[in-house]
Amino acid sequence: MNIDTIKIRPANFDDSEFVAKSVMAALGNDEVYAVPLKKEIKATIEKITSICQREDVLYSWKNTIIAEIDGKPIASLTAYDGTNYKEIKERTFSLFDEPLDFDVDLMQDETREGEYYIDSATVLPEYRNQGIGKKLLIASIEKGKELGIPHVTLLVNPHNPKAKRLYRSLGFREAGEVYVFGEYYQRMKLDTTEPMRIDILTVLPEMLEGFLNCSILARAQKKGLVEIHVHNLRDWTLDKHKRVDDYPYGGCAGMVMQCEPIDRCIESLQKEREYDEVIFTTPDGEQFDQPMANSFSMKKNIIILCGHFKGVDYRIREHLITKEVSIGDYVLTGGELAAAVMTDAIVRIIPGVIGDEQSALSDSFQDNLLAPPVYTRPANYKGWKVPEVLLSGHEKNIRNWELEQAIERTKRLRPDLLKN
Ligand code: ADE
């Protein structure tokens, strides 16, 4: 299965049974997927389906998004605004006929006003461990941001470190415990109001200034969607001549960036906040690509250290760097252009940075396909004509044509992308 062919969409009324099964499975009830179904489970599914069909309950189809492949739902996530939680919870639980197997009165509130709460997410058993849950979570975080709710929250079983790692990688942080459904759960919280922060460490800050103060990147910073700080490593050396490099041990050619200014700068930043990644730009790093840009754009705080001269004292790479990244198999004079390329690719996909969200999602590479050709007025320029279908106004035919073009161009120009 190719994860990129999965479509995420809002659920509709007819998905209510799938939502009901997902809510039950999220509570550890995978029997809902058994064939044939046991009679009593069938009855419970029917009951919960009737609850999910309502619009005024926690587990409503209205609060749910679905992941589907070839039109078949394979996963769902239910999340809602925590405002009026108590009232909606009471109504929801009162609709269950049978007594619940935990004491509702002892149960603390799962969420509250000011939170977009991810209640449950379930993937069909045969599609698990393939990144589908993560895709749904990302879509849900975006929804929380779009709604302007300051926090996205969820609960995780404290004995599930794998899930916790996934949530942390998306920017969630531990925020206390709550007693719900007869057990203690860890609360995790993601701040949607604080912009992403990128700190770039360089010996050539002037190389980055123009780029950061232009066009879309300048606008993104002005709109408060991202904070980008450039640090001159010469400000962090204790050397009176502001030197940041020295001769390499072993007598080979070139100069090496010293540990001290880099270590002091990173240490001072890490005292202020927690960083998700400390990235080093280097031609021998992991190749930067769209999935890596997508993943960095979900982080809260990142540091990018620009390599220079012959490189950096290897102890920095061993002790402080969490990811080494190359932008291609060629050697630049320094890591600043690499940092600029990465920053541009990361920032432009932060929601709200480019006006039309759809246009970031329909970029080349977002679904392992090159983008289809685009045209604008006039429809006929010097006899060079825009394809007829684009002028037809027939939405479905246009989308089909775009997909055909995208596949044809990818096969012809980048067949390697289709192999992944
Ligand atoms: N520094 C020099 N060349 C580089 C490259 N190709 N990628 C990242 N950093 C670099």
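In this convention, every chain numbers its residues from 1, walking through the sequence in written order. Since the coordinates come from a predicted model, pLDDT governs what is reported: local features require at least 70, and pairs of side-chain atoms require 80 or more to be given and counted, while whole-chain, interface and lining totals use all residues.

> Hey, could you run me through the overall build of the chain in this one?
A run of DSSP states H or I qualifies as a helix once it reaches four residues; a run of E qualifies as a strand once it reaches two. Both are numbered from the N-terminal end. Of the regular secondary structure elements, the chain holds 15 helices and 16 strands. Three exposure classes are used. Buried residues have 20 or more other C-beta atoms within 10 Å of their own C-beta, exposed residues have 12 or fewer, and partly exposed residues fall in between, all C-beta atoms being placed from the backbone. Relative to its 420 residues, the chain shows a buried fraction of 30%. Whether two residues are in contact is decided by their C-beta atoms, placed from the backbone, lying within 7 Å. Within the chain, contacts between residues at least 6 apart in sequence are counted, and of these 73% link residues at least 24 apart.

> Whenever I open this one, the site of the ligand confuses me. Can you help?
If you check the shell around the ligand, you find Thr 281, Thr 282, Pro 283, Gly 307, Ser 326, Ile 327, Gly 328, Tyr 330, Val 331, Leu 332, Gly 335 and Ala 338 and nothing else. No other element matches strand β12 (residues 277-287), which puts 3 residues into the shell around the ligand. Basically, the charged four are Asp, Glu, Lys and Arg, the nonpolar ten are Ala, Val, Leu, Ile, Met, Phe, Trp, Tyr, Cys and Pro, and anything else, Gly included, counts as polar. Tallied by class, the residues present in the shell around the ligand amount to 6 nonpolar, 6 polar and no charged. Any residue qualifies as near a molecule or strand once its backbone-derived C-beta atom lies within 6 Å of it.

> Honestly, the sheet that holds strand β2 (residues 64-69) in this entry has me stumped. Any pointers?
Picture the strands of a sheet paired through backbone hydrogen bonds; they go either parallel or antiparallel. Being paired, for any two strands, means DSSP has found at least two bridges between them. Strand order in the open sheet formed by 7 strands is β1-β2-β3-β4-β5-β7-β6, and the pairing between neighbours is mixed. Each of the sheet's edge strands pairs with one partner strand only, and the pair in question is β1 (7-10) and β6 (173-180). Looking at each pair of strands side by side, their axes are set apart by 30° on average, direction ignored. As paired strands, β6 and strand β7 (residues 183-191) are joined by 6 bridges and run antiparallel to one another. Within β7, the position partnered with Glu 174 by the bridge is Met 188. Helix α1 (residues 16-26) contacts β2, β3 (72-81) and β4 (115-123) of the sheet and is inclined by roughly 90° relative to β4. Angular values range over 0 to 180 degrees, each being the angle between N-to-C directions of two axes fitted as lines to C-alpha atoms, with helices fitted over their stretch in contact.

> Whenever I open this one, the sheet that holds β12 confuses me. Can you help?
Here 5 strands make up an open sheet; going across it, the order is β9-β8-β13-β12-β14 and the pairing parallel. Edge positions in the open sheet fall to β9 (226-232) and β14 (323-326), since each of these has one partner strand only. Taking each pair of neighbouring strands and ignoring which way they run, the sheet shows an average axis angle of 30°. Against the sheet, helix α11 (residues 336-347) touches β8 (196-202), β9, β12, β13 (301-306) and β14, its axis set at about 155° to β13.

> Quick question: what am I supposed to make of the domain arrangement of the chain here?
You'll often see interface size given as the accessible area lost when the parts meet. Source of the domain bounds: an automatic or database domain assignment. Looking at the assigned domains, one finds that the chain contains domain 1 (3-191), domain 2 (196-347) and domain 3 (368-419). Here domain 2 and domain 3 have C-alpha centroids that lie 38 Å from each other.

> Looking at this model, I keep getting lost on unusual backbone geometry. Mind explaining?
Only a minority of non-glycine residues have a phi that is not negative, and only a minority of peptide bonds are not trans. Cis geometry marks the peptide bond from Val 35 to Pro 36, where omega comes out at -10°. Residue position: Pro 36 is located in the loop between α1 and α2 (39-52). The omega angle of the peptide bond from Arg 377 to Pro 378 is 0°, so this bond is cis rather than trans. With respect to the helices and strands, the residue Pro 378 is situated in the loop between α12 (357-361) and β15 (380-381). Notably, Asn 84 is not glycine yet its phi reads approximately 65°, a positive angle. Mapped onto the elements of the fold, Asn 84 is located in the loop between β3 and α3 (85-94). Phi is positive for Ser 215, which is not a glycine, with a value near 45°. The residue Ser 215 is located in helix α7 (residues 215-222) in this model. Here Ser 215 falls in the exposed class, since 9 other C-beta atoms lie within 10 Å of it.

> Honestly, the environment of Asn 12 in this entry has me stumped. Any pointers?
For Asn 12, the position within the fold is in the loop between β1 and α1. Put simply, Asn 12 and Arg 128 are 116 residues apart on the chain and 23 Å apart in space, counted from C-alpha to C-alpha.

> When you look at the pairing of β4 in this model, what are you seeing that I'm missing?
Two faces belong to every sheet, and in a regular strand the side chains alternate between them. In terms of residue burial, β4 counts as a mostly covered element, since 8 of its 9 residues are buried. Where β3 lies against β4, 7 bridges are found, and the strand directions are antiparallel. Within β4, the position partnered with Asp 81 by the bridge is Tyr 116. In this structure, β4 lies alongside strand β5 (residues 151-156), joined through 4 bridges in parallel fashion. In the strand pairing of β5, Tyr 117 is matched with Thr 153. For the crossover that starts at β4, traverses helix α4 (residues 132-146) and ends in the parallel β5, the hand is right-handed. Seen with its strands pointing away from the viewer, a crossover is right-handed when the path leading from the first strand over the helix to the second is clockwise.

> For this particular structure, what's the right way to read the environment of Leu 391?
Along the polypeptide, Leu 391 turns up in helix α13 (residues 388-391). Judged by C-beta crowding, with 12 C-beta atoms within 10 Å, Leu 391 ranks as exposed. Between the C-alpha atoms of Leu 391 and Ser 76, which are 315 residues apart in sequence, the distance is 37 Å.

> Where do I start with the packing of α1 against α2 in this structure?
Two measures define how a pair of helices packs: the angle their axes make with one another and the distance between the axes. Remark: α1 packs on α2, axes separated minimally by 8 Å, with the N-to-C direction vectors making an angle of 115°. Considered as vectors, α1 and α2 are oriented roughly perpendicular to each other. Read as a crossing pair, α1 and α2 show a hand that is right-handed. Here Ser 16, Glu 17, Val 19, Ala 20, Lys 21, Val 23 and Met 24 of α1 come into contact with α2, specifically with Ile 45, Ile 48, Thr 49 and Cys 52. Here the angle decides the label: under 35 degrees means roughly parallel, over 145 means roughly antiparallel, 65 to 115 means roughly perpendicular, and every other value means oblique. By definition, any crossing whose near helix is turned counterclockwise from its far helix by less than a right angle is left-handed, and any crossing with a clockwise turn is right-handed.

> What is the right way to look at the environment of Asp 367 in this model?
Within the element layout of this structure, Asp 367 appears in the loop between α12 and β15. For Asp 367 and Leu 417, which are 50 residues apart along the polypeptide, the C-alpha to C-alpha distance reads 9.5 Å.

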